[in-house]
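Listed below, chain by chain, are the residues.
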Amino acid sequence: MSIVIKTPEEIEKMRVAGRLAAEVLDFITPHVKPGVTTAELDRLCHDYMVDAQGCIPAPLHYAPPGYKPYPKSICASVNHQVCHGVPGDKALKKGDIVNLDITVIKDGWHGDTSRMFIVGADAAILARRLCAVTYECLWRGIAQVRPGACLGDVGYAIQRHAEASGFSVVREFCGHGIGRHFHEEPQVLHYGNRGSGPALRPGMIFTIEPMINAGKAAISELPDGWTIVTRDRSLSAQWEHTVLVTDTGVEVLTLSAGAPPPPDIRD
Ligand code: MF3
Ligand code: CO
Ligand code: CO
């Protein structure tokens, strides 16, 4: 397997899938409130994807090698959960931070994006800062993307900002090429060295999805076989976009009316 370069027709399908994934996050935003369970959020998103958008929720029954089939239609990772949180019957409470990760399949093409939500608006200062810094990490990574740059430039920019802010980068999970398949080459590490890794070429499409911990980088997997938590139970945040390498730079495919604006990332 190698990195697939998408044709203009394929890129147009990826634009549609990316926008639809982002619109699921727009749709669910008003429902992320104290008292709602992540299983309820999963059900609402599932029905929206299937009934309103005519999409397939990519996570449902997804079973990469070594994993049992994923049981739900979205991932919902709360507080010290890093990623792949399986929605369940626990209610969100004021001050929780939660990542909702949406992947749709439209016409055979995947769009993958996630955002952080602060439940009930007032969270501790550390939680808010972690969410903000992680969002800056995502966009600092995106800012590196253009033909001739390489994936190591993306990872370096993310790691530098996370660690300069006193946080750590999860190593075990990375961004990924995406298209007809949920997870394709290349692996997009969120750490690394400038000038290393595959060169970027127009027509490549991949995700950038840094997972940043307030404490140490180490993670553990819960007995459900999916949910990843920080080993030290410190808070973790993640934001994700799907991006296209264009002839001149980058196009973010997972934008929508409700997507938060890019942050100020000047040094
Ligand atoms: N959406 C996740 C990603 O960004 C993958 C989730 S796999 C699942 O790559 F099975 F847990 F849904
Ligand atoms: Co992804
Ligand atoms: Co995702």
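The structure reproduced in this document is the subject of the present report. The structure presented is a predicted model; accordingly, all values stated were derived computationally and were not measured.

## Quick notes on the pairing of strand 2 (residues 75–78)
Here comes step 1: Alternating positions in strand 2 separate into two faces, C75 and S77 on one and A76 and V78 on the other, with burial throughout.
Here comes step 2: Relative to strand 4 (residues 97–106), strand 2 is paired through 4 bridges, and the arrangement is antiparallel. Bridge pairing in strand 4 links V78 to V98.

## A word on the coordination of the cobalt ion (ligand 3)
Here comes step 1: For the cobalt ion (ligand 3), the protein coordination sphere consists of D101 (OD), D101 (OD), D112 (OD) and E240 (OE), at 2.0 to 2.4 Å.
Here comes step 2: Here the cobalt ion (ligand 3) is ringed by 6 donor atoms whose angles at the metal span 58 to 166°, and the overall shape comes out irregular.
Here comes step 3: We note that the donor set of the cobalt ion (ligand 3) lies within a single chain, spaced as D-x10-D-x127-E.
Here comes step 4: The exposure class assigned to D101 is buried, which follows from its relative accessible area of 9%.

## Examining the coordination of the cobalt ion (ligand 2)
Here comes step 1: Within the protein, D112 (OD), H176 (NE2), E209 (OE) and E240 (OE) serve as the donor atoms for the cobalt ion (ligand 2), at 2.0 to 2.2 Å.
Here comes step 2: For the cobalt ion (ligand 2), the 6 donor atoms are set out with angles of 51 to 162° between them, so the coordination reads as irregular.
Here comes step 3: All donors of the cobalt ion (ligand 2) belong to a single chain; written as a sequence motif, their spacing is D-x63-H-x32-E-x30-E.
Here comes step 4: Separation of the cobalt ion (ligand 2) from the cobalt ion (ligand 3) amounts to 3.3 Å, with D112 serving as a shared donor to the pair. Of the two residues, D112 is situated in strand 5 (residues 109–118) and E240 in the loop between strand 13 (236–238) and strand 14 (241–245); the sequence distance between them amounts to 128 residues.
Here comes step 5: According to the relative accessible area criterion, D112 is buried, its value standing at 2%.
Here comes step 6: Residue E240 is classed as buried on the basis of its relative accessible area, which comes to 0%.

## Observations concerning the pattern of salt bridges
Here comes step 1: In total, this model carries 10 salt bridges according to the counting rule given.
Here comes step 2: A salt bridge links E12 to R15; the nearest nitrogen and oxygen atoms lie 2.8 Å apart. Pair noted here: E12 and R15 are both in helix 1 (residues 8–28), with a separation of 3 residues, about one helical turn.
Here comes step 3: A salt bridge links K94 to D122; its shortest N-O distance comes to 3.8 Å.

## Details of the layout of surface pockets
One water molecule sets the probe size; rolling that probe over the atoms shows where empty space is left.
Here comes step 1: Taken as a whole, the largest pocket encloses approximately 570 Å³ of empty space.
Here comes step 2: Put simply, the parts of the chain that give the lining of the largest pocket at least two residues each are strand 4, strand 7 (175–177) and strand 8 (184–188).
Here comes step 3: Across the lining of the largest pocket, the residue classes tally to 15 nonpolar, 7 polar and 7 charged.
Here comes step 4: The volume enclosed by the second largest pocket comes to roughly 300 Å³.
Here comes step 5: Lining the second largest pocket are 18 residues, and of these T38, V78, Q81, K90 and L92 sit closest to its centre.

Quick notes on the rules
Residues numbered from 1 in each chain as written. Chains lettered and ligands numbered in written order. Predicted model: local features only at pLDDT ≥ 70, side-chain atom pairs only at ≥ 80, totals over all residues. Heavy atoms only, no water. Buried < 20%, exposed > 50% of the residue type's maximum accessible area, 1.4 Å probe, protein only. Helix = DSSP H or I, 4+ residues; strand = E, 2+ residues; numbered from the N terminus. Pairing = 2+ DSSP bridges. Donors = N, O, S within 2.8 Å, 3.2 Å for Na, K, Ca; no water. Tetrahedral: all angles 85-135°; square planar, octahedral: opposite > 155°, others 65-115°. Salt bridge = Lys/Arg side-chain N within 4 Å of Asp/Glu carboxyl O. 1 Å grid on protein atoms, 1.4 Å probe; cavity = no way out; pocket = protein on both sides within 12 Å on 5 of 7 lines; lining within 4 Å. Points joined across faces, edges and corners; volume = space filled by probe spheres on them. Nonpolar A, V, L, I, M, F, W, Y, C, P; charged D, E, K, R; others polar.

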